[in-house]
Amino acid sequence: MDGSTYDSLVMDEILEMSLTSVSISRPNPWVGAAVVVDGKVISLGGTKELGDRHAEVVALDSVVGRAQGSTMYVTLEPCAHFGRTPPCAERIVRDGVKETVIGTLDPDAKVSGKGVAYLMNAGVKVKVLSQSRPVVYGLRQYVKHRTIGEPWVVLKLATTLDGKVAAKDGSSKWITSPESRYDAHLLRSNSDVIVVGANTVRVDDPSLTARNSDGSEMRRQPKRIVLGTVPDGAKVVPAESYVGEFSELLERLGREEVLQVLVEGGPKVAYDLHVKNLVDEYVFYIAPTLGLGGAKDAFDGLGGASIDDFWRSSFETVDRLGRDLRVSMLSNRAKDLLDNHMNWSRRVAQELGAELV
């Protein structure tokens, strides 16, 4: 096995580990790390809760005295500043790591190449992935927030195969399978804020809590925001009532260190956010069901007068959940943002003298 293949395999392993920290590390990034000696992974680490240890420190703590001359793999550039915890780059040097392989550089202005520079100045060899798409996609919410100061916006829709979200009479329970609904609750739990239109609250009266399959509430619950007036006695309470431009709401939430907003609004909200190019990721739960004529479309608005008007993207993920499909797509703006970050990471790494692998 050549070195680049091995690097990719280890990076894939710690990327999976990092994703287990998504719901606990925020607003810090969720990171995975590994310590490798003589081609063998001897320690793994993932970021702990806010204020607790970062992934690099977790991995090093479990092999104290054995990291001398090792290689450390880490999905995101180690920090070199004092924040809520001491700098990880300093710990890497102190424990005698000789080489560090980094998935992508950190766009946070407090890091932004400073970790790489610190390591290299201390004599640690640094490699940075040239093709880091999986790592950057796994950190997409963090990358957007640290790049432009706004949260990642996910629009979630449960539809029939022909794109219907409710019957003519407004009923929609249940279009999708229990497996899809449980996955949607996980999506809620991994979001900081959930947004819904006032009409959906009036018609469906949802609680918008993240729940386990047995109905109990998950540990992590998103803040709830209703676009419009919250009806008296609605199950969604406590919730914030917001009236104004959605773009201004995103700017405010970004200042509050919100990293992901999940929108579960109805067809009018979905259409409005889409045409204003405010959605980063579309998540469709598609049931093998036909709503046919008269049923309500997922997007309520004008468009598609000719084939040239059709919005096009590409599938990011496609998974089967029970009898349904879960399909996610990124907006072109979101894809450009992630591509720009990868280009920036490569450029800065090269300018600092790190090796691209």
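Residues numbered from 1 in each chain as written. Predicted model: local features only at pLDDT ≥ 70, side-chain atom pairs only at ≥ 80, totals over all residues. Heavy atoms only, no water.

Caption draft 1: Quick peek at the sheet that holds strand 8 (residues 193-197). Overall, mixed pairing links the eight strands, which are arranged 10-9-8-11-6-12-15-14 in an open sheet. Strand pairing shows two members of the sheet lacking a second neighbour, strand 10 (240-242) and strand 14 (315-321), which therefore form its edges. Averaged over all neighbouring strand pairs, the angle between strand axes comes to 25 degrees, with direction disregarded. Contacts from helix 8 (residues 178-189) reach strand 6 (152-160), strand 8, strand 11 (260-263), strand 12 (281-287), strand 14 and strand 15 (324-330) within the one sheet, and its direction differs from that of strand 12 by about 160 degrees. Relative to the sheet, helix 10 (residues 246-255) contacts strand 6, strand 8, strand 9 (223-227), strand 10 and strand 11, its axis offset from that of strand 9 by approximately 160 degrees. (Pairing = 2+ DSSP bridges. Helix = DSSP H or I, 4+ residues; strand = E, 2+ residues; numbered from the N terminus. Axes fitted to C-alpha atoms, helices over the stretch in contact; angles between N-to-C directions. Contact = heavy atoms within 4.5 Å.)

Caption draft 2: Just helix 10, in detail. For helix 10, the full list of buried residues reads Phe246, Leu249, Leu250, Leu253 and Gly254. Seen from one end, helix 10 has its buried residues packed into an arc of 135 degrees, which puts them on one side. Phi turns positive one or two residues past the end of helix 10, at Glu257, with a value near 65 degrees. (Buried < 20%, exposed > 50% of the residue type's maximum accessible area, 1.4 Å probe, protein only. Arc of directions from axis to C-beta.)

Caption draft 3: View of helix 5 (residues 114-121). Every buried residue of helix 5 is accounted for by Gly115, Val116 and Leu119. Within helix 5, the buried residues cover an arc of 100 degrees as seen down the axis, which keeps them to one side. Looking at the residues trailing helix 5, positive phi occurs at Gly123, about 90 degrees.

Caption draft 4: Broad picture of the side chain of Ser180. Secondary-structure assignment places Ser180 in helix 8. Residues in contact with Ser180, not counting those within four places in the same chain, are Tyr285, Leu321 and Asp324.

Caption draft 5: Structural detail: unusual backbone geometry. Each neighbour pair has its own omega, and for Arg26 with Pro27 the value is 5 degrees, a cis peptide bond. Its place among the elements puts Pro27 in the loop between helix 2 (22-25) and strand 1 (32-37). The amide bond that connects Val237 to the next residue, Pro238, takes the cis arrangement and shows omega of 5 degrees. Of note, Pro238 is situated in the loop between strand 9 and strand 10. With phi around 45 degrees, Ser112 is a residue other than glycine that occupies positive phi space. Tracing the backbone shows Ser112 in the loop between strand 4 (99-104) and helix 5. Residue Ser112 is classed as partly exposed on the basis of its relative accessible area, which comes to 28%. Not every positive phi belongs to a glycine, and Glu257 is a case in point at roughly 65 degrees. By secondary structure assignment, the location of Glu257 is in the loop between helix 10 and strand 11.

Caption draft 6: Examining the packing of aromatic side chains more closely. A complete count under the given rule lists two aromatic pairs for this structure. Taken together, a centroid distance of 6.3 Å and an interplanar angle of 75 degrees make the contact between Tyr6 and Tyr73 edge-to-face. Of the two residues, Tyr6 is situated in helix 1 (residues 3-19) and Tyr73 in strand 3 (residues 71-76); the sequence distance between them amounts to 67 residues. Exposure remark for Tyr73: the relative accessible area of 4% places this residue in the buried category. Note on Tyr282 and Trp311: the rings are 4.9 Å apart at their centroids and 50 degrees apart in plane angle, and the pair reads as tilted. Remark: Trp311 occurs in the loop between strand 13 (296-297) and strand 14 and Tyr282 occurs in strand 12; sequence separation between them is 29 residues. Here Tyr282 falls in the buried class, since its relative accessible area comes to 3%. (Phe/Tyr/Trp six-rings, centres within 6.5 Å; stacked < 30°, edge-to-face > 60°.)

Caption draft 7: Structural view of the sheet that holds strand 4. Spatially, 2-1-3-4-5-16 is the arrangement adopted by the six strands of the open sheet, whose pairing is mixed. Edge positions in the sheet fall to strand 2 (40-46) and strand 16 (355-356), since each has one partner strand and no second.

Caption draft 8: Quick peek at the side chain of Asp183. With respect to the helices and strands, Asp183 occurs in helix 8. For Asp183, a relative accessible area of 18% puts it in the buried group. Here the side chain of Asp183 touches Tyr285 through a polar contact of 2.6 Å, side chain to side chain. In contact with Asp183, not counting residues within four places along its chain, are Tyr285, Leu321 and Arg326. (Polar contact = N/O pair within 3.5 Å; in protein donor to acceptor, adjacent residues only side chain to side chain.)

Caption draft 9: Molecular detail of the pairing of strand 9. In terms of strand pairing, strand 8 meets strand 9 through five bridges, oriented parallel. Bridge pairing in strand 9 places Gly197 opposite Leu227. With helix 9 (residues 198-204) bridging strand 8 and the parallel strand 9, this β-α-β connection has right-handed handedness. As defined by bridge partners, strand 9 adjoins strand 10 across three bridges and the pair is classed as parallel. Within the sheet, the bridge partner assigned to Leu227 lies in strand 10 and is Tyr242. (Right-handed = clockwise from strand over helix to strand, strands pointing away.)

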